[in-house]
Each structure stands twice: as structure tokens, then as C-alpha cells.
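Summary of structural features
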Amino acid sequence: MKSKVTLTVNGKERSAEVEPRTLLAELLRDHLGLTGTHVGCDTTQCGCCVVHVDGKAVKSCTMLAVQAAGKQVTTIEGLAKPDGTLHPMQEAFREHHGLQCGFCTPGMVMMAVDIARRRPGADEKTVREELEGNLCRCTGYQGIVEAILSVVNPGAVKDHHHA
Amino acid sequence: MGQFGIGQPLRRLEDPRLLVGGGRYADDARIEGQFWGVFLRSPHAHADILAMDLAAARAAPGVKAIFTAADLDAAGMPDMACEVELKSLAGEAMARPQRPILARGKTRFVGECVALVVADTQAHARDAAELIAVDYAPRPAVAGAQAALRPDAPRVWDELTSNLPVHWENGPVGPVDAAMAGAAHRVRLRIVNDRLVPAPMEPKGALAAWDKAASKLTLWAPTQGGRRIQATIAKRFLGLEQEQVRVISQDVGGGFGMRGQTYPEYVALGFAARALDGAVKWRADRTETFVSDYHGRDQVNEAEMGLDAQGRIVALKIHTVLNLGAYMAENGPRLPMEGGGRIIPCCYHAPHFYFSVKPVFTNTVSTDTYRGAGRPEANFLMERLMDKAAAACGLPRDEIRRRNFIAQFPYKTPLGYSIDSGDFAAGLDQALRMADWAQFETRRAEAKRRGKLRGIGVAAFIEAAGGRAPVEDMRLQAAPDGSVTIFSGSHSHGQGHATVFAQLAHEFLGVAPERVTLVQGDTDVTPKGSIGTFGSRSSMMGGGGLKAAAEKIVAKGKRIAAALMQSEAEQVSFAQGVFRAGASEVSFAAVAAAAHDPAKLPEGMAPGLDESHLFQREAENFPNGCHVCEVEIDPETGTTEILRYVAVDDCGIVLNPLIVHGQVHGGVAQGVGQATIEKVVYDEEAQLVSASFMDYGMPRASGVPYIEAGFNAVPCKTNPLGVKGAGEAGACGAPPAYVGAVADALRDFGADHIDMPLTPEKVWRAIHGKG
Amino acid sequence: MHNFAYHAPASLDAALKLIGEKEDGKIIAGGMTLLPTLKQRLAAPSDLIDLAGLPDLRGVKKEGGHIVIGAMTTHYEVATSDVVKAAIPALAHLASIIGDPAVRHRGTIGGSLANSDPAADYPGAAMGLNATIVTNKRAIAAEDYFLGLFETALERDEIIVSVRFPIPEKAAYQKFRHPASGYAVAGVMVSKTGAQVRVGVTGAGPNAFRARDFEAALEKSFTAEAIKDVKMSPDSLLSDIHCSAEYRAHLVGVLARRAVAQA
Ligand SMILES: Cc1cc2nc3c(=O)[nH]c(=O)nc-3n(C[C@H](O)[C@H](O)[C@H](O)COP(=O)(O)OP(=O)(O)OC[C@H]3O[C@@H](n4cnc5c(N)ncnc54)[C@H](O)[C@@H]3O)c2cc1C
Ligand code: FES
Ligand code: FES
């Protein structure tokens, strides 16, 4: 029942033998060893698994690997520059303490990059709404929201408490 | 000192790795040739298991083995025990029935493990689990603690005469009743503190691998520092020496108190790995975590407070009924007294205090520690009582608190704990100022003109941190190049130890934080006397151990430096990474290099710069704070919006404000979650109704406010760093501040308390008198 | 998930042929509902037939007085479509608040209507905007389409091809989100075209329906005031651990008034 799936992951062509029921998240984690993409739920609600497929944020736990055949997939491992320079959104998460345990972080950052693409200039309320599909149990979202604002709308950053 | 030392908002050192997908969580571990385990779980809340037919499952594709209680019993495996000891006033000891790893003849809650299926793939194991035919004879079940106390309630344990294993009281009620009778004002309150799931974002999972040659089990699992789990699995369950089990938890996706326990799944997986001489992996999906992770809270509190004519507390009575679940978890029954009781009556002095606790068995998942573990419940109760008392005494809510605050330290609490320090009034003033409390009525009036109901709530709270095991072990090792490795038993599952401990190493040794590496979560290499992280203990316990170990490094370093500078150790000083004697100086790195070069060492000195310290705490510390919450309610729908949230916290000396604020934010979000949407719901048959995020409301970014955080730092007097824990404050402050604000908004509608979560419907009902 | 065979037909005919052949075959569109269901092993289709390779099923057009949306058009595409935003902004708004951004990038209007989740948003729009569901076989008026809880008029071998929305004079959608799932506890789409008013309700009942008492009152006077005293009966409405039927009934009234005021 297995078939070969070929797709581009983080700029490189990759293929794997998978069952039709294999999810994109499983393909990435179990077959390609890209364990940065996390799985935090089975109801498509937590967003720990968000990656970009053809430039758009999707939940890789709710897409079949076979559906990603021929597509461009970017995961958290592919966001920084090859020389290791962090993506500005990754930098912003660090600067604004947008992560604690780090489990939601890959999906959060991938969604944040997508938000920045679609909603430049977004205010705090919009950013919070845009995070509807990404749960974080550690940060209370404040650092995450501030990090995203610092990229999309720096004037809206409040960060009153630390230099 | 130090640019990056104590008090600096150093950006986290662990972040670059976590931000590029470099985290190593339990499910990232895999071993060539591993098997997959799947647990078959009970669909019944209470049932006898009459028979189990494994034949079809055993014959299913890919199946390697199926384990049931019979296999464990045949191997002489003991059951899980709760070590908590409690006695009634009359001296009867608490009954402590034990939990089988896999259900033996009977299941007592929905989700209890009945069998472990091991196969070559997870899908095959799942397919096979569906083929196991279990013949259940369902029995009546009970989910609520109060229902379980009724004489005719179904009994969870046939062995016991009721569902009440002990009735604990702090003393006779008589004197308290007498004081109560003389009070000028009396207020009563009944509060349901609902059941929650901790729900860290990383679901539980584990990989257990048996190494036959070494006779050793390695368990990758998300723990809060695996030392206790290592000991329990090795000694109690597998009959091994402690060192024959290795627990690895490198990165852990959130803890919140539910990761410290030895879950039955870990034991079963370890057993299976040894029996199969291989590796068995298990990955719970989220739905499974709802019945596998221990739940939190679930108390019903009935309280009465008596006050004198000036609004000073004269007596306090609390009756707590705690839902234990079907099985006593490791800490379960102790939470109201040793968790919450440590601090009751919270920030206030109550000359007469009676406390009764009834832990009760029900057909539900066990309850155990969850962020604050008894303290959020206690603070919530006290703050709701204070609001009610303010109304009864005709005093403003801030004033009644001021009149009752503990102001003399050290203060001995009714249950005998000693609070070393605090300035509750200053914290209150600061919070009220930041929230512009004084001008609130103007804002209320303005909202009213828009048809909205506005309210403000204030909550003072106190925490107890660093409790239970009074020791923690830390090891510091300097490499020849002067870089430092910290071997820590304290464990970060988000708290940023790699950063904070590096700051401390920088502070004490002058090493640049980037040159400090933290090793955690591997019982093979972390110090033996370590315990782990829970109850916000790391800053005091780990930090204390680190400071003492650093002092030992400096002491040895001085002797080496003296040899290098041809001086005497007594003449050598050390500051900012440099050893000095007279006009000469050598760097820490040079001393570290010399330490590894026997030729440069003083006579008889062992090479290396590697010191450990088993830190012994003097006392716990008592973080405290005051939170203010302002809300606006749409009376048509009951929708409540948080407009402002101010958090003032006394966490003692702040090691890294960025990280402490992060802890406060996260705690507030969990507290707001409890106050607004979170609730575990069981139906009449004790079926779990809220078994996924579709039904269990998790706080999202849009439901959590922007938090204005401030510090009211009063250094702790009983530990060398002056620190107090920070992890649980938010979860203590937010529920009473929020509920107080809603109650204030609804003051004209006669609703002085609504039980959490305050869903729009409940608020709407309160406004429209629909009960 | 149980295993299944996966097919990616390149034409509607090929898809229909597969549907005809594979008895336990199921269509997959965005997968946002189907895949979670399969993950929980609540269904076990033998075959999945993916409509993603059918470009004809995707996109938005204006045809005379109608907006025609291909079944495979994603929520995101509807929300950001200039055509929809200009003609029926309420519909674009509705699409923009379904689920979350990642769900909107994959989930489709056809999938939503085929699924007929009682708490889904599009069914409310279909009712409130008097839409027609166009399949490979026929055109079904929204009113004849929703039959019950997760139950529609679709036959097993019927594929939704597009959805036709007549362009109203004015319309507005109001949604009250479920605290846990984010779906609609109640959602009300109100539209007015000439003298005709439609009030489509979702979330509250087992399937989307028209609130005729509200419509009648609004046809007399299209003001929030006009429906102030119109009450919805909670009798056949849903109740769950977060919201009772009584509260849902109340919300329908509030949302209807707000939608009228906003339209
Ligand atoms: C986290 C989350 C939140 C959500 N929140 C909301 C919300 O707030 N409001 C809301 O309305 N929805 C919500 N949804 C559901 C979402 O809108 C789905 O996209 C939609 O219900 C199903 O569309 P789909 O394209 O994903 O269909 P699929 O999941 O692929 O299919 C659903 C069903 O429809 C059938 N089907 C699909 N296409 C066709 C067709 N063209 N013809 C015939 N049958 C077809 C399939 O066989 C299947 O039975 C949410 C989903 C998730 C995961
Ligand atoms: S794992 Fe994909 S949304 Fe939770
Ligand atoms: S950082 Fe832990 S879940 Fe977000």
C-alpha cells in the first residue's frame, strides 16, 4: 500500500515511501527526521504542527503526506538562513521572551511568519485573533504577541517592563 | 555584579536552539527496531472485568505481545502506593488502597489502563487493541465528591466501608465556634473550585529501552527531573538498583506539576521492554492525555468567617471536600493541608482557625499537583471571603484587606509554617496605583452610559515555594578552557534554567553566560542528590546549591591561583573572574587550565575544578502579590472582556525579570483560563465529557489580557540568594481578581459569587436572575 | 487512522467514476473535518478521493446577480476575494472568522456544506442568503438541502460543484463563538433583497434553519427594534456543557438584532 512521495522540504527535494494514511507531520518527523514540527493534539486545534505549504501556513497534522506531493514545504528547520542567522521572527521571539518550554514554538513561529505576510501593520487585537489556532500553555501569549507586533507593527509594542 | 548577572533581563540562552526546531522532547527519541505500545483503556467508569479474550489481538498483524495484570502479577510486580500519611483527630490512619499498574479484575475510572499491546507499528498496535474483547460488567459509578459522600453512593473500593479514607481536622472545632459566636459580622461562602487538566502542550509519551548486556533500562519521558521516577521504577517496580534505570528528559514541553509522578504507563512500558528485551515506544494522543495525566483542583469549600466591628477577622472555619479520583495519586490527599494549608489563612491573621478536609474517592481520574497545588484554591477562597466580608462590614475591599494583613514577620501560620518576610500593604498600594483604582467609579459610570457593566477586582495572595524535599544537589565543573558546565537536578520545562543558572555562574565566577552549559534531565549525569523542579523550588534550591558549589570552586581556585602567583591562598581575592594577590592577577580561565595540569597544582591537590553541593534549605519561601483585574460585561450576552490586568509580585530578589515576568504571564493565563473557560466535566455515569480541546476550553491569545507587571521585591531572609518562587503566583492571583471584578460589575444584581468558570451563560443568568 | 487507498482524479468525471466504483469511498476536500474524524477512528473509508486536482471546482465568479463559488474554494480565498468583498461583504466576513488561519487555508465551502456540522458557519449563510447548492446532478435550494444533524440532501454519488449566492441589497453575519471549539454557538446571517428578508440561523439547532418569525417582523420593518420582542423557542435547540438551549435561543435574538443593525 506504500507509495513514494516526492516534495520539496526547506528547499531540498525529498522523497519517502509512505502509506496513504501517513500525515504530513508524520512524514516530516518520522520519515525525514525533522522533529522540529510538533504534534500537540488530535483535533487540529493546537497549532504545534504548523508548517508552510506553498507559502501558506497549514496544520501538518491535518494534511496527508500524499497531498503534499510536488509541493514546497517549509518547516521551522528551514526558516533560519543556512549560515544559522535567525529569521527576524525567530529573533523577535527571543527578544520578547515569546517561548518558555518551546513546544508550541515551531508552530507559533511559522504561524507568526504567515501573519506577518498577510497582516502587515496588524494591531494587538488582530494579532491575538490571528493566533486563534495556536495554543501555548506557558507564556500567557504576551511575549508571543509582542514579538509578532515588533515585526508587523513596532509602534504597538508595549513591553513596559524590561529594557 | 556582572553585566549579565543577577537582576539582568538576559535573553534566554536556550532559545536559539528551541527556535530552530532543535528541541529534544520525549517523542523525538527513537531507537532502531523499537516496538510501539498502545494502552487499551476502560470505557467504563466502574466495572468488573469478567473475562478478557486476547486471541484475536495476539494473532493480528505485527503484534509482539500483550500484557495484562495477570502478567504483572505473575512477575510479582507490586501496585502503586501513595505515601502520604494522614490521621483523623481520633488518631485513625488514612486508608490507602493501592493502584494496580493495569486494571486487575475491576476498573474504577474511564481511561484506566487495562492492557498494553505491543506491536511493530503504532497503527498495528492500535488495530490489535481494538480486537481485544473485554467482558465488562458495569457497576454504578460516582463522579462528584459530594455525591460520593452520601451513604448510598456507589463505593469505589469494596475493601473500604465508604469513599472517605480519612476525615482530617487541624483541631477541635469548639473553641473556633465559640469565637465565631462572638463575632460582630459573619459571612459564609460555598465555593466549587472546578477540576482542570494541566494540559502542557507536549502530550505524554515515553520510550523504554532495555539493555540486556548492561542490565539497564533507559526511559525517555517528559518529567520534571527524573530522579524520583528513576528510584520508584527501579526499586519498587523492577527490583533493580537505582542506577540500573536511567531517566532522560532533555526538553520537556511544560510541566505545571503533573510531570513529577511515576505514571503507571511508564512502569508498564519498562516492564514490557525488559520482558521483550527491546525498546517500546508510546505516544499518547491528546484525548488520551485527558485520562492519563492527573487532573488538578476539584475541591468544594464551605467557609465561614467571623469579624469584629472593625472588620478584623476573629475566626475562620473551612470545610474542604477534595475529589481524589479513583486512586490516590502521589500527592493527592495532602494538597489541601500541605499544599494550601501551609499558607491558610493566606495574607491575613485569623486568631481562631478550624480546618476540616475530606478527601473522597470517586470514579474519575486521580487529582494531584497542578500549578499552585492547593494554594490557588486557598487564596481563591480567602479572597472571595474578604470581598464578602467587606460588603458585610461596610468597608471598601482594599481597606478590609489592609486591616487584616499580616504585618509582623516572621509570622507563624496556624499549621505551623513560618513566613519570613513580605510587605502586603505595599504590594496592594502599588497594584491599586498601577490600576488607577481610585478613578474606577468614573470608568464604571462611563461604561454604564454605553450600556455596559464594568467591575474591578483585587486579590492579594501568598504562595509557598521550595517545599517538600529540603535538599537539592548541584555540580559545577570548569573545563581547562575556563568554560563551565552545570549539572543540575533542578529541571527546566520552560523556566529558563540554562539562562538563570548561567547568570548565577557569571555572577559568582565571572564566566560569560555563553560559556556556561547546563546539563539537565539525565539521571546518569545529573547529581545524585537532586530531586527536580516543582513547587517553584529551582531558584532557591538549585540556585542555593549553585552558589555554594561556586564558592567551593572559588576556594579551590584561590589555592591554585596562590600557587600560580606564588602567594598564599589567604592573600588571594576573587572578583569578576579574576584572582588577585597584591599586584598580580590570574584569570579564572588560567586557573581552570592549571587545575587540569598536575604540574601546576599545589602539592597533594586533586586535579580538576569540579565541585558539588548538596543544598539544604532552612525554610520554604513565601512569594506573594496583589493582582487587580478590570472587566466589562455585555449584559445582553454575558460576554466579559478583561480591559486591564495588573500584577504586582513579590518574588524576592529577581534573578532575571524577563523570565519572572514570563512566569507571571503564564500563571495569569492559566488562572484566567480557570476563571473563564476551563472545566473538566463528567456526566452522571462518570463518563468524561470534556475529553478534547473541542470541549475543554483552553485559554487562547484572544482570551488572555495584556498584563502590566510590577515587582514589590522583599528579599527572602531564609535563603542565600534572597529569592522567592515565581511559578505559581499568577495562578493564585488571577481567579480571585477576575471573579471579584465580575462580582463587582454585577453588584446591583445580587450576585456576589459565581462559581468558575464564569462562562457568558452563567454571567448572563446572574444578570437576568435565571439562577 | 485505518488505512485506505488514496486517489487524486484530474477531472470531475474521473472523480465520479471512482465514487461509483468504491463503495466505501469518501471525498476529501480540505480534510479539516474528515481527517480529524479518521484520526479518531470514527470512520473507516476504503478509499479517499481528493478533489484538489480539479481546478474547475475552485474560484469565485460573478454571474449576473449571483456570486458563484466553486466547492473547492478555501475559506481564505472567499474571505480575501475582491469579488465577494464587493458583492456580499458579510459572506467574506463570515469566511474570515471560520476556525483559524491554517484551517482557512485548507478548509473549503463545499466541504463545510457537505458536512453540515450544526455549528458550522456556511450553513447559516446558505440559509440566510438563499443560496443554491449546485452538484453534478442538480441544483438544490438551501432550504431543501439541510435535513438534520450532519445530514443533507446529498446522495452518496453526488459531489458539490459550486454554491450560488444571489447578491442581496444588504446582509450581515453575527457569530457567537463556542468557548472551546471556536465554532458557532449561534450564528445569524440576515439579508434583505427588496421586500424579502431572510434570517439564517446556525449553531443553535441540529442544522441550519430560517427564523421565520424574525423574517416576518423584519419584512414589516427592517430594524432591530422590530424584532425586540420576537422570541425563539429553545425547544428544538442544542444544549452542551457550555451553553444551554435556553441561552442559545436568547443569543439568536441578540445576534439577529445586531446583524440587522449592522447590515
Ligand atoms: C480547528 C478547527 C476549527 C474550525 N472552526 C470552524 C468554524 O469556526 N466554523 C466552521 O464553519 N467550520 C469550522 N471548522 C470546519 C472547517 O470549516 C472545515 O473546513 C469544513 O467544515 C470542512 O471542509 P473541508 O474542505 O475541510 O472538508 P473535508 O474535511 O475534506 O470533508 C468534509 C466532508 O464533506 C465531504 N465533502 C467535501 N467536499 C465535498 C464536495 N465537494 N461534495 C460532496 N462532499 C464533499 C467529505 O466527504 C466529508 O464527508 C473548523 C475546523 C477545524 C479543524
Ligand atoms: S497537532 Fe496539529 S493542530 Fe494540534
Ligand atoms: S512555550 Fe510552552 S507551550 Fe508555548
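Please read all numbers here as calculations on a predicted model, not as lab measurements.

Conventions used here
Residues numbered from 1 in each chain as written. Chains lettered and ligands numbered in written order. Predicted model: local features only at pLDDT ≥ 70, side-chain atom pairs only at ≥ 80, totals over all residues. Heavy atoms only, no water. Near = heavy atom within 4 Å. Polar contact = N/O pair within 3.5 Å; in protein donor to acceptor, adjacent residues only side chain to side chain. Helix = DSSP H or I, 4+ residues; strand = E, 2+ residues; numbered from the N terminus. Nonpolar A, V, L, I, M, F, W, Y, C, P; charged D, E, K, R; others polar. pLDDT = per-residue confidence, 0-100. Contact = heavy atoms within 4.5 Å. Buried area = accessible area lost by both parts, 1.4 Å probe. Salt bridge = Lys/Arg side-chain N within 4 Å of Asp/Glu carboxyl O. Buried < 20%, exposed > 50% of the residue type's maximum accessible area, 1.4 Å probe, protein only. Axes fitted to C-alpha atoms, helices over the stretch in contact; angles between N-to-C directions. Parallel < 35°, antiparallel > 145°, perpendicular 65-115°, else oblique. Left-handed = near helix turned anticlockwise from the far one by under 90°. Expected span 1.5 Å × (residues − 1). Pairing = 2+ DSSP bridges. Domains from an automatic or database assignment.

1. Examining the site of ligand 1
All names here are of chain C. Around ligand 1 there are 32 residues in total, and I27, G31, L34, T108 and D121 lie nearest to it. Backbone polar atom of T33 to an oxygen atom of ligand 1: 2.9 Å apart, as the coordinates give it. Backbone polar atom of G99 to an oxygen atom of ligand 1: 3.1 Å apart, as the coordinates give it. Elements that contribute at least two residues to the shell around ligand 1 include exactly β2 (25-28) and α7 (109-115). Among the elements that line the shell around ligand 1, the one with the most residues is α7, at four residues. In terms of residue class, the shell around ligand 1 is made up of 15 nonpolar, 13 polar and four charged.

2. As for the confidence of the model for chain B
Of the residues in chain B, 99% have a pLDDT of 70 or more, and the chain-wide mean is 94. Scoring of the predicted complex yields 0.97 for pTM and 0.97 for ipTM.

3. Quick notes on the interface of chain C and chain B
Accessible area lost upon the coming together of the parts serves often as the stated size of an interface. Listed as interface residues are 19 residues of chain C and, on the opposing side, 23 residues of chain B. The contact between chain C and chain B buries some 1800 Å² in all, and 50% of this surface belongs to carbon and sulfur atoms. Scanning the region where chain C abuts chain B turns up seven salt bridges. Between E130(B) and R41(C) there is a salt bridge, with the nearest N and O atoms lying 3.2 Å from each other. If you look at where chain C meets chain B, you find 14 residue pairs in polar contact (both at pLDDT 80 or more).

4. Topic: the pattern of salt bridges
Residue and element names in this part refer to chain B. The full count for this structure, using the stated rule, is 94 salt bridges over all chains. When the shortest N-O distance is used, the salt bridge between D524 and K216 registers 2.9 Å. Separated by 308 residues along the polypeptide, D524 in the loop between β21 (516-520) and α16 (538-564) and K216 in strand β10 (residues 216-220) bring together distant segments of the chain. Its relative accessible area of 19% is what places K216 among the buried residues.

5. Side note on the packing of helix α18 (residues 657-676) of chain B against helix α19 (residues 729-745) of chain B
Residue and element names in this part refer to chain B. The N-to-C vectors of α18 and α19 enclose an angle of 40°; their axes lie 7 Å apart at closest approach. The orientation of α18 relative to α19 falls into the category oblique. Judged by the sense of rotation from one axis to the other, the crossing of α18 with α19 is right-handed. For the pair α18 and α19, contact is made by V664, G667, V668, G671, V672, Q674, A675 and T676 and by G730, A731, A734, P735 and Y738, respectively. Per-class residue counts for the contact of α18 with α19 are eight nonpolar, five polar and no charged.

6. A look at the interface of chain B and chain A
Residue-level contacts link 60 residues of chain B with 49 residues of chain A. Together chain B and chain A conceal approximately 4700 Å² of surface at their shared face, both sides included; 54% is due to carbon and sulfur atoms. Our enumeration of links across chain B and chain A arrives at seven salt bridges. Across the salt bridge formed by R700(B) and E132(A), the nearest N and O atoms sit 3.3 Å from each other. Along the contact surface separating chain B from chain A lie 31 residue pairs in polar contact (both at pLDDT 80 or more). Taken together, the elements giving at least two residues each to the side of chain B that touches chain A come down to α1 (15-19), α4 (122-129), α9 (286-292), α18 and β28 (707-711) of chain B. No other element matches the nine residues that α18(B) contributes to the side of chain B that touches chain A. Within the side of chain B that touches chain A, the residues separate by chemical class into 31 nonpolar, 14 polar and 15 charged.

7. With respect to helix α3 (residues 105-118) of chain A
Residue and element names in this part refer to chain A. A rise of 1.5 Å per residue sets the reference length of α3, with its 14 residues, at 20 Å; its end C-alpha atoms lie 20 Å apart and thus fit the reference within 8%. Across the 14 residues of α3, twelve count as buried, placing the element largely inside the fold. Every buried residue of α3 is accounted for by T105, P106, G107, M108, V109, M110, M111, A112, V113, D114, I115 and R118.

8. Some words on the sheet that holds strand β22 (residues 573-575) of chain B
All names here are of chain B. With antiparallel pairing, three strands are arranged side by side in an open sheet as β22-β23-β24. Lying at the two open borders of the sheet, with one neighbouring strand each, are β22 and β24 (584-587). Ignoring which end each strand starts from, the neighbouring axes of this sheet average 25° apart. Taken together, the four bridges between strand β23 (residues 578-581) and β24 define a ladder with antiparallel strand orientation. Each bridged residue has a counterpart across the sheet, and for A581 the counterpart in β24 is S584. Packed on one face of the sheet, α16 meets β22, β23 and β24 and runs near 50° to β23. Along the sheet, helix α17 (residues 588-595) contacts β22, β23 and β24; its crossing angle with β24, the most-contacted strand, is approximately 70°.

9. Some points on the domain arrangement of chain B
Residue and element names in this part refer to chain B. Taken domain by domain, chain B holds domain 1 (31-139 + 201-254 + 259-292), domain 2 (405-409 + 418-465 + 620-767) and domain 3 (468-616). Each of domain 1 and domain 3 has a C-alpha centre, and these two points are 39 Å apart. Between domain 1 and domain 3, the residue contacts involve 17 residues of the former and 17 residues of the latter. Buried surface at the junction of domain 1 and domain 3, summed over both partners, amounts to about 1400 Å²; 40% is from carbon and sulfur atoms. Summed over the three residues of domain 1 that lose the most area to domain 3, namely Q224, R227 and R228, the buried surface amounts to 47% of that side. For the pair domain 1 and domain 3, the number of links is three salt bridges. Between R246 and D522 there is a salt bridge whose closest N-O contact spans 2.6 Å. If you look at where domain 1 meets domain 3, you find ten residue pairs in polar contact (both at pLDDT 80 or more). Contributing elements (two or more residues each) for the side of domain 1 that touches domain 3: α7 (227-237) and β11 (245-248). Ranked by residue count, the leading element in the side of domain 1 that touches domain 3 is β11, at four residues.

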